[in-house]
Amino acid sequence: PFFLLDYGALTEFPPREEPFGVGPHPHRGFETVTIAYKGKVEHHDSRGGGGIIGEGDVQWMTAGSGVLHKEYHEKEFARKGGVFHMAQLWVNLPARHKMEAPRYQPITRAEMAQVPLPDGRSQARVITGELFGAKGPGRTWTPITTAVIELAAGGLVRFELPRDWNTAVLVVEGDAELNGSAAPAHHLAVLANDGEVVEAGSTEGATLLVLSGEPLNEPIVAYGPFLMNTEEEIHQAFADVRAGKFGVLED
Ligand code: MN
């Protein structure tokens, strides 16, 4: 169900007075999931929604039938400048849920299921689905497990995910090993669908983002900010934006 991962590796931003980010744009047919590691991001949309997420927080937005939104470095963070480290994941919706009403789930770091891991030193935070016997607070439209694993130096953990789900592991910080293969910092490891067990370890310590979901197995027609099943639905999305059906959002 994962269509795109936009990864912003750790970057130092200079102080600036003018807003910095992406101005008003539409989305339809999927979810944008913003995961903050360092820095703060601010969001506003055409349905009156908005919010700020900071270190360790997640914003899980269902664009569904359509929103216009804008995404900026939070004002005070932009003014002071600083280290920014962020990922945005696009989660596809199945045909039966593409036109759901838009929905927002701010999931703070503290709200995630915190799990101390059996190696006695590492820990996990479950965002959605279930991992290490803990259930995350986030709601998804199809079965999806997402979690952050903080491996301590010398940490080694084992977890299981369904063989037929598609699974990837983003190495956010530090160098790791996954099932005996090197998974260096800032790399995305895409796992083969040939087993249930994932073994993750790290000599120096590492932070991993685990993404796993049941495949949708539907045709995908993607164009810019729209993710639909057919080309007609893409044309319809453009027509609906022009007709004002996504609402109005000032820059
Ligand atoms: Mn967007």
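Keep in mind that this is a model prediction, so the values were computed, not measured.

**Student:** Before we go on, may I ask you to explain the sheet that holds strand E2 (residues 21-27) in this structure?
**Tutor:** What the four strands build is an open sheet, ordered E2-E7-E4-E5; its pairing is antiparallel. Looking at the sheet topology across the chains shown, the edges are occupied by E2 and strand E5 (50-53). Pairs of neighbouring strands in the sheet enclose a mean axial angle of 15 degrees, with direction left out of account. With four bridges joining them, strand E4 (residues 41-45) and E5 adopt antiparallel strand pairing. When the bridges of E5 are listed, glutamate 42 appears paired with isoleucine 52.

**Student:** Explain the nonpolar core here, please?
**Tutor:** One broad trend across soluble globular proteins is that nonpolar side chains are buried collectively. Core analysis: the biggest nonpolar cluster contains 24 residues, and Val126, Ile149, Val157, Phe159, Leu178, Ala200 and Leu208 have the highest contact counts within it. Of all the secondary-structure elements, those providing two or more residues to this core are strand E10 (113-116), strand E11 (123-128), strand E14 (144-151), strand E15 (155-160), strand E16 (166-173), strand E17 (176-178), strand E20 (197-202) and strand E21 (206-213). If we skip the residues at most four places from it in the chain, leucine 178 touches Val169, Ala183, Ala189, Val198, Glu199, Ala200 and Leu208. Judged by nonpolar contacts, the second largest core, of 17 residues, contains Ile35, Trp60, Ile127 and Leu170.

**Student:** Explain the packing of aromatic side chains here, please?
**Tutor:** The description of an aromatic ring pair rests on the distance of the ring centres and on the angle between the ring planes. Tallied over the full model, the rule gives nine aromatic pairs. Judged by centre distance (5.5 Å) and plane angle (55 degrees), the rings of phenylalanine 13 and phenylalanine 20 are tilted. Judged by its relative accessible area of 17%, phenylalanine 13 is buried. Site record: aromatic cluster; members linked through ring pairs are Phe13, Phe20, Phe77 and Phe84. Over the ring of phenylalanine 20 we find arginine 16; its NZ or CZ atom is 3.9 Å from the centre of that ring.

**Student:** Help me understand the sheet that holds E21, please; the structure alone is not making it clear to me.
**Tutor:** The pairing of strands in a sheet happens through backbone hydrogen bonds and is either parallel or antiparallel. A sheet is described by the order of its strands in space; here six strands give the open sequence E10-E11-E14-E21-E16-E19, paired in antiparallel fashion. Strand pairing shows two members of the sheet lacking a second neighbour, E10 and strand E19 (188-190), which therefore form its edges. Direction aside, neighbouring strands of the sheet carry axes that sit 20 degrees apart on average.

**Student:** Any chance you could explain helix H2 (residues 231-242) here in plain terms?
**Tutor:** Taking 1.5 Å per residue, twelve residues should reach 16 Å; H2 reaches 17 Å between its end C-alpha atoms and fits that length. Looking at H2, one finds that the buried residues are Ile234, Ala237 and Asp240. Buried residues of H2 fall within an arc of 125 degrees about the axis and therefore sit on the same side. Among the exposed residues of H2, those pointing more than 90 degrees away from its buried face are Glu231, Glu232, His235 and Arg242. The inward-facing, buried residues of H2 abut strand E22 (221-223) and strand E23 (226-228). Looking at the residues trailing H2, positive phi occurs at glycine 244, about 80 degrees.

**Student:** Could you clarify how one ought to interpret the environment of proline 184 in this entry?
**Tutor:** Within the secondary structure layout, proline 184 lies in the loop between strand E18 (181-183) and E19. As a C-alpha pair, proline 184 and phenylalanine 13 span 171 residues in sequence and 24 Å in three-dimensional space. Aside from chain neighbours lying at most four places away, what touches proline 184 is Val171, Gly174, Asp175 and Ala176.

Quick notes on the rules
Residues numbered from 1 in each chain as written. Predicted model: local features only at pLDDT ≥ 70, side-chain atom pairs only at ≥ 80, totals over all residues. Heavy atoms only, no water. Pairing = 2+ DSSP bridges. Helix = DSSP H or I, 4+ residues; strand = E, 2+ residues; numbered from the N terminus. Axes fitted to C-alpha atoms, helices over the stretch in contact; angles between N-to-C directions. Core = buried A, V, L, I, M, F, W, Y, C linked by side-chain atoms within 4.5 Å. Buried < 20%, exposed > 50% of the residue type's maximum accessible area, 1.4 Å probe, protein only. Contact = heavy atoms within 4.5 Å. Phe/Tyr/Trp six-rings, centres within 6.5 Å; stacked < 30°, edge-to-face > 60°. Lys NZ or Arg CZ within 6 Å of the ring centre and 35° of its normal. Expected span 1.5 Å × (residues − 1). Arc of directions from axis to C-beta.

Read these as layout, nothing more, since geometry by itself doesn't imply function.
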